[in-house]
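These are the residues of each chain, in order.
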Amino acid sequence: MATAAAASASEAEAESKAGPQAEGEEDEAKAARTRRKVLSRAVAAATYKTMGPGWDQQEEGVSESDGDEEYAMASSAESSPGEYEWEYDEEEEKNQLEIERLEEQLSINVYDYNCHVDLIRLLRLEGELAKVRTARQKMSEIFPLTEELWLEWLQDEVSMALDGLDRERVYDLFERAVQDYICPNIWLEYGQYSVGGIGQKGGLEKVRSVFERALSSVGLHMTKGLAIWEAYREFESAIVEAARLEKVHSLFRRQLAIPLYDMEATFAEYEEWSEDPIPESVIQSYNKALQQLEKYKPYEEALLQAEAPRLAEYQAYIDFEMKVGDPARIQLIFERALVENCLVPDLWTRYSQYLDRQLKVKDLVLSVHSRAVRNCPWTVALWSRYLLAMERHGVDHRVISVTFEKALSAGFIQATDYVEIWQAYLDYLRRRVDFKQDSSKELEELRAAFARALEYLKQEVDERFNESGDPSCLIMQNWARIEARLCNNMQKARELWDSIMTKGNAKYANMWLEYYNLERAHGDTQHCRKALHRAVQCTSDYPEHVCEVLLTMERTEGTLEDWDIAVQKTETRLARVNEQRLKAAEKEAALVQQEEEKAEQRKRARAEKKALRKKKKIRGADKHEADEDDEKEWGDDEEEQPSKRRRVENSVPPATGKVGLDLEEDTGPVDVEPPSKQKARAAAPKRDMPKVLHDSSKDGVTVFVSNLPYSLGAPEAALRPLFEACGDVVEIRPIFSNRGDFRGYCYVEFKEEAAALRALELDRKSVEGRPMFVSPCVDKSKHPDFKVFRYSTALEKHKLFVSGLPFSCTKEELEEICKAHGTVKDIRLVTNRAGKPKGLAYVEYENESQASQAVLKMDGMTIKENVIKVAISNPPQRRVPEKPEARKAPGGPLVPRQMYGARGKGRTQLSLLPRALQLPSAAGTQAENGPAPPPAGVTPAAEAPKMSNADFAKLLLRK
């Protein structure tokens, strides 16, 4: 049926092309396109129907009624060009536009995996069989295909195979399929398809060869290898020959010696099938395999219970197999792990490293390295190891050069990656050169490669990344060493070092000392002295060290005149350096002082505003008292008035929407307690609240919870259900102020340390709309440098940093946008301590390739009228605060402390030192007979006149 449908599809395609050429036949052309659409779907349906153990029987036994039904569908669609015709036309036009878009996208970026998959799907749906084959071929040349993609391709090719040549082409396709990944299903289909060609010349040998290779590849697979063994036995049993019985016996015995699931059923089947008793050696091998199966079962069950990709479970399984040391089983478990974790570079690195060091089989090693760079082309370490493996196994130079060119076009995500791959290739070229000869073809090729590397990094890498991938000029340094040590060409080496110094490296002492050591080993004293004199003048990071090296050389080799010149130059240079450092320190101290003065001014302004607001509140609250008492009573109250009044419930004005108190409005009498009662009432909670003592010996089973809402009424009752999910809670100790107000943090003590560790996972959990911080309980007086930050601050190539997001953007909305470019593992919206969004987010993808694709497509995108910025997550390094004792240089002035963080000074970096402690440092030293007078224009706080309720009342009555 598939063949007939394919032929009909080609006829319909020819008709659809010829129809529009004749005038007045537009209806026929539309009908032809409709027929082509129906028949292409029939082809797709036929490919699925023809799969299974009996492909040949199914192909031969297709009923004519199925074909009649499909042609009836086509004719009915053709005869009724109504709404279906328009539906098909619109769908076909839409698919064609999408196909054109995907083809254009692939012409720009051929490494877009998802575009390849979508293009193949649409072409297959449209019945473009030739284009589907071409698209699959292009994708398979760049990427290894998954088991699903290979099976789909094989189904289509098997359904269209007509003669022996087509069958050979399908055989070649199966050979390519089994090389990408270890896929038991593909091997099973390969064996069953080869059975269909048993009637051809050499068919029997072909079938046995396929099954034997399948057993070698996946026969040890504990869960899926059984199907291969059973299919092979069934094939041999179907051949009715006495000589074949021994073959079946051999297959049973080989299978029973391997630990596989359902071994008991296989043993029972062998007992039933065999006419003779089972030999004792077979029973012993079977029992030994059963014992091995019990050892492997925990790891297999862990894989069955876990969810894909199960990397941790596979890693544990690999560790176990490495300890056992069976090479075949180690190779199998690596292959099984890579099927689900093919985009994990570390797993490929570990597998290839094992093959390089243990098995050392050329074909196997090179095959794995080739598959590794096809799966993870963005990982430069895999390409470097591949080049080394090819050199190790004597691969032709042209093949290695072609592989290197592929690596350059792989699309690395860092500029330094290109430097690394160039270094690996240049090392390979250097090892090919015979330096005993003055000149050779290999040496010229090496020099040309060095020159090309420098030009490539300058033209391609620097322009693409807007940064130098080789700021220290490592490649140029390596070239200079080779010219000096191996080619005895110091003139070329000096030219290279001059070029290195002109690229911004002249200020670094280590660069000059490297050049000096090269001259010392392969040059002469004159050039050594010249290099050190230049270093003394140019070095800015460690000039003292360079000066010391120059003086040491002149002390051992120089004349008196050389010594005098060296001493004069070093003293002049060091004096200039010390002067520059002193100026820089003074400038920094002045900036720090300015910042402190500005902070002090802002603090005074806030204090004045706060005092003014307090006066207004007190004035409004005391107005009623002024109306009822006379001046004499006011004078009596002045003695009992405390210096600071606490606001109590009865002194708060009613919520009328007015800040002050309107004298003309009748608000009724307000009961205000005497100041003595107010003071006693304010002090009452302080006496009632017990002091919570913290036992530092229980820090291991205690977590510190902070950033809780102050409005949390019963903290213990609200938090206990959250933390009891982690383990048995002994006590929750919330911290209250002297007035009995909850201070927003508490201690949670568990019975076991494991429960405390599980509780740390509740960090950043929302409690009444505010993120709760959960951290280990650590005494910071003993561990002042202890910091808890759950997120990485290093470069993460698979994670994106998104900025400029609208505050209303939710996690679900961002995930919907990001998942179009790959598999999103986690999204974190950055919030402040109150849980309010800051417009920032971190998006973690499954691998580096998806993250790099998302950067290209999402950077500059508009979300709710906000233009976002997207980049690879690489947070800036935070500076470590300088210790006070390190700020004072020996014999020098006090170096001002660092007041800024990695991103400059923030709005919240205010001085929290009490004002009483700041006054001595601001005023300087005390006068001879007492403290120094305050600055002009500043009134000391102690001299401010105190005002009683009576004074405030008089002020109000004067208005």
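Keep in mind it's a predicted model, so treat the numbers as computed, not measured.

**Thoughts on the overall build of the chain**
And then number 1: A tally of helices and strands in the chain yields 38 helices and eleven strands.
And then number 2: Considering the chain as a whole, with its 959 residues, one finds that 39% of them fall into the buried category.
And then number 3: Sequence-distant contacts in the chain: of pairs separated by 6 or more residues, those separated by 24 or more amount to 63%.
And then number 4: Put simply, the chain shows about 56,100 Å² of open surface, and 51% of that area lies on carbon and sulfur atoms.

**Overview of the pattern of salt bridges**
And then number 1: Under the defined criterion, the tally for this structure stands at 48 salt bridges.
And then number 2: In this structure, the salt-bridge partner of Asp180 is Arg374, at a minimum N-O distance of 3.3 Å. Pair noted here: Asp180 is in helix H9 (residues 164–180) and Arg374 is in helix H19 (residues 362–375), with a separation of 194 residues, a long-range link.
And then number 3: Relative accessible area serves as the criterion here: at 5%, Asp180 is assigned to the buried category.
And then number 4: Here Glu300 and Arg336 are joined by a salt bridge, their closest N and O atoms 2.8 Å apart. Linking Glu300 in helix H15 (residues 280–305) with Arg336 in helix H17 (residues 327–340), this pair joins segments that are 36 residues apart in sequence.
And then number 5: The class of Glu300 is buried, set by a relative accessible area of 1%.
And then number 6: With relative accessibility at 9%, the residue Arg336 sits in the buried group.
And then number 7: Connected via shared salt-bridge partners are Arg124, Arg136, Glu152 and Asp156.

**Notes on the layout of surface pockets**
And then number 1: Considered as a void within the structure, the second largest pocket measures approximately 1,100 Å³ in volume.
And then number 2: Contributing to the lining of the second largest pocket are 45 residues, with Leu343, Trp378, Glu846, Asn847 and Gln850 lying nearest its centre.
And then number 3: Mapped by element, the contributors of at least two residues to the lining of the second largest pocket are helix H5 (83–108), helix H6 (113–126), H17, helix H18 (345–359), H19, strand E8 (837–845) and helix H36 (848–858).
And then number 4: Split by residue class, the lining of the second largest pocket holds 20 nonpolar, 14 polar and eleven charged.

**Things to note about helix H33 (residues 715–724)**
And then number 1: Of the residues making up H33, those classed as buried are Pro715, Leu719 and Phe723. Buried residues of H33, seen end-on, are gathered within an arc of 35° and therefore sit on one face of the element. Turned more than 90 degrees off the buried face of H33, the exposed positions are Ala717 and Pro721.

**Focus: the nonpolar core**
And then number 1: Counting residues in each nonpolar core, the largest one holds 153 residues, and the members touching the most others are Ile186, Ile421 and Trp422.
And then number 2: The greatest single-element share of this core, amounting to ten residues, is contributed by helix H22 (residues 415–432).
And then number 3: A domain-level breakdown of this core finds at least three residues from each of domain 1 (90–143) and domain 2 (145–218).
And then number 4: The next biggest cluster of nonpolar side chains, apart from the first, holds 20 residues, and it includes Phe723, Val729, Phe750 and Val774.

**Regarding the packing of H18 against helix H20 (residues 380–392)**
Between two packed helices, the angle of one axis relative to the other and the distance separating the axes together describe the packing.
And then number 1: Closest axis-to-axis distance for the H18/H20 pair is 11 Å, and the angle between their directions is 15°. Comparing the axis directions of H18 and H20 gives the class roughly parallel. Between H18 and H20 lies a crossing of left-handed hand. Packed against H18, whose contacting residues are Pro345, Trp348, Thr349, Ser352, Gln353 and Asp356, the element H20 presents Leu382, Arg385, Ala389 and Arg392 at the interface.
And then number 2: Classifying every residue of the contact of H18 with H20 gives four nonpolar, three polar and three charged.

**Notes on the pairing of strand E6 (residues 796–803)**
And then number 1: Both E6 and strand E11 (residues 869–873) contribute to a ladder of five bridges, which runs antiparallel. Following the sheet pairing, Ser803 is matched in E11 by Lys869.
And then number 2: Across five bridges, the pairing between E6 and E8 is antiparallel. Each bridged residue has a counterpart across the sheet, and for Val802 the counterpart in E8 is Ala841.

**A word on helix H7 (residues 129–142)**
And then number 1: Look at H7: 20 Å from first C-alpha to last across 14 residues, which is about the 20 Å you get at 1.5 Å a residue.
And then number 2: Along H7, the residues classified as buried are Val132, Ala135, Arg136, Met139, Ser140 and Ile142. Along H7, the residues classed as buried sweep out an arc of 160° about the axis, all on the same side. Exposed residues lying more than 90 degrees from the buried face of H7 are Ala130, Lys138 and Glu141.

**With respect to the sheet that holds E6**
Whether parallel or antiparallel, the strands of a sheet pair through hydrogen bonds between backbone atoms.
And then number 1: Pairing is antiparallel in the open sheet, where four strands are placed in the order E7-E8-E6-E11. Across the chains shown, the open sheet's two edge strands, defined by having one partner strand only, are strand E7 (824–831) and E11. Taken pair by pair, the neighbouring strands of this sheet meet at an average axis angle of 25°, ignoring direction.
And then number 2: Most of the contacts of helix H35 (residues 811–818) go to E7, to which it runs at about 140°, and overall it touches E7 and E8.

Calculation notes
- All residue numbers refer to position in the chain's written sequence, counted from 1.
- Where local features are concerned, this predicted model is filtered to residues with pLDDT of at least 70; where side-chain atom pairs are given and counted, the filter is 80 or more; whole-chain, interface and lining totals use all residues.
- The side-chain figures draw on all heavy atoms in the structure; neither hydrogens nor water molecules are used.
- Strands are runs of DSSP state E lasting at least two residues, helices are runs of H or I lasting at least four, and both sets are numbered from the N terminus onward.
- Remark: exposure states derive from per-residue accessible area (1.4 Å probe, protein chains only) relative to the maximum for the residue type, with buried under 20%, exposed over 50%, and partly exposed in between.
- Between two residues, a contact is recorded if the distance between any of their heavy atoms is within 4.5 Å.
- The protein chains shown are the only cover counted for residues, whose accessible areas, like all others here, come from Shrake-Rupley with a 1.4 Å probe.
- A pair is scored as a salt bridge if a Lys or Arg side-chain nitrogen falls within 4 Å of a carboxyl oxygen belonging to Asp or Glu.
- Computed over the protein atoms alone on a 1 Å grid, cavities are sets of points where a 1.4 Å probe fits but cannot get out and pockets are open sets with protein on both sides within 12 Å along at least five of seven lines; a residue lines them when it has an atom within 4 Å of a point.
- Grid points are joined across faces, edges and corners, and a volume is the space filled by probe spheres set on the points.
- When residues are sorted by character, Ala, Val, Leu, Ile, Met, Phe, Trp, Tyr, Cys and Pro go into the nonpolar class, Asp, Glu, Lys and Arg into the charged class, and all the rest, Gly among them, into the polar class.
- Summarising the geometry, the arc corresponds to the directions from the helix axis toward the C-beta atoms.
- Note on terminology: a nonpolar core comprises buried Ala, Val, Leu, Ile, Met, Phe, Trp, Tyr and Cys residues joined through side-chain atoms within 4.5 Å.
- What marks off one domain from the next here is an automatic or database domain assignment.
- Between N-to-C directions, angles span 0 to 180 degrees; the directions come from axes that are lines fitted to C-alpha atoms, helices contributing only their stretch in contact.
- The cut-offs work like this: below 35 degrees is roughly parallel, past 145 is roughly antiparallel, 65 to 115 is roughly perpendicular, and the gaps in between are oblique.
- Crossings are classed by handedness, with left-handed meaning an anticlockwise turn of the near helix from the far one by less than a right angle and right-handed meaning a clockwise turn.
- In this analysis, strands are considered paired if DSSP registers two or more bridges between them.
- Expected helix span is taken as 1.5 Å per residue step, with the number of steps being one fewer than the number of residues.

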